[in-house]
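# Coordinate analysis (summary)
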Amino acid sequence: MQISAVRDAIATAARAVVLPVGIPKLTCTGYAPDAVTVPHFYVGDYSVNFDKAMRRSLDEVEFTCAVLVSRSDDLSGQKVLDGLLSGGGTGSLKAAVEAARGAPGQFALGGAAHDLHVMRVQSYRWYEHAGTQYLGAELVIKVIGEGST
């Protein structure tokens, strides 16, 4: 698995989110941005468990992604964030990212990995990024794939 390709593919999958009318389109990047355009999803840090199967045939990577929204109005920002963190629907990051799993027997993320699973949401709180505060949360995504590539 090539980590850079997986990061970019997760960000591409997240772009499929459809936000309510009047909310700007979700911007998505495979890396933490220098500047945030809200609402913004990015793939942050990750941890790798090597050799989950013999002969480097499987690695497991857990990506910690972040989603940040405006805090201009506390209630509306929380409603937007809640929609993004929901388990289903057109505004769900989980649904958008897991749609990139591919059909049975196909590789996930356009061939970048074997499979993926959005495992959990955590750390729903205020975040500071480049000196500005945002409301946000983290999503943890487990990706499995070929270890020898």
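Right above here is the structure, for reference.
The notes below deal with the structure included here. Since this is a predicted model, take the numbers as computed values, not measurements.

### Some points on helix 2 (residues 74–85)
Spanning 12 residues, helix 2 covers 16 Å between terminal C-alpha atoms, matching the ideal 16 Å at 1.5 Å per step. What helix 2 keeps buried is the set G77, V80, L81, L84 and L85. Buried residues of helix 2, viewed axially, fall in a sector of 130°; they line one side. In helix 2, the exposed residues that point more than 90 degrees away from the buried face are L75 and K79. As for helix 2, its buried residues are in contact with strand 3 (58–69), helix 3 (93–98), strand 4 (115–129) and strand 5 (132–145).

### Notes on the packing of aromatic side chains
For any two aromatic rings, the description comes down to two numbers: the centre-to-centre distance and the angle of the planes. All told, the structure shown has 1 aromatic pair when counted by the stated rule. In this arrangement the basic side chain of R71 is found over the ring face of W126, its NZ or CZ atom lying 4.5 Å from the centre. The ring of Y127 is capped by R125, whose NZ or CZ atom sits 3.9 Å from the centre of that ring.

### As for unusual backbone geometry
A negative phi angle characterises most non-glycine residues, just as the trans form characterises most peptide bonds. A cis amide bond links V38 with the next residue in sequence, P39, at an omega value of -10°. Mapped onto the fold, P39 is located in the loop between strand 1 (27–29) and strand 2 (40–53). Residues other than glycine seldom take positive phi values, yet R55 does so here, at roughly 60°. The topology assignment puts R55 in the loop between strand 2 and strand 3. Judged by relative accessible area, which is 78%, R55 ranks as exposed. The backbone of A130 sits at a positive phi, close to 50°, despite the residue not being glycine.

### Section: the pairing of strand 2
In this sheet, strand 2 lies alongside strand 1 in parallel orientation, the contact comprising 3 bridges. Across the sheet, residue T27 finds its bridge partner in strand 2, namely H40. Bridge count for strand 2 against strand 3 is 9 bridges, and the pairing is antiparallel. Bridging across to strand 3, Y42 finds its partner in A66. Following strand 2, the chain reverses through 4 residues before pairing antiparallel with strand 3; R55 in that reversal takes a positive phi of roughly 60°.

### A closer look at the sheet that holds strand 4
Across the sheet, 5 strands lie side by side as 1-2-3-5-4; this open sheet has mixed pairing. Two strands lie at the open edges of the sheet, namely strand 1 and strand 4, each paired on one side alone. Ignoring which end each strand starts from, the neighbouring axes of this sheet average 20° apart. Inspection of the sheet shows strand 3 paired to strand 5 by 11 bridges, in the antiparallel sense. The residue of strand 5 that forms the bridge with T64 is V140.

What counts as what
Residues numbered from 1 in each chain as written. Predicted model: local features only at pLDDT ≥ 70, side-chain atom pairs only at ≥ 80, totals over all residues. Heavy atoms only, no water. Helix = DSSP H or I, 4+ residues; strand = E, 2+ residues; numbered from the N terminus. Expected span 1.5 Å × (residues − 1). Buried < 20%, exposed > 50% of the residue type's maximum accessible area, 1.4 Å probe, protein only. Arc of directions from axis to C-beta. Contact = heavy atoms within 4.5 Å. Phe/Tyr/Trp six-rings, centres within 6.5 Å; stacked < 30°, edge-to-face > 60°. Lys NZ or Arg CZ within 6 Å of the ring centre and 35° of its normal. Pairing = 2+ DSSP bridges. Axes fitted to C-alpha atoms, helices over the stretch in contact; angles between N-to-C directions.

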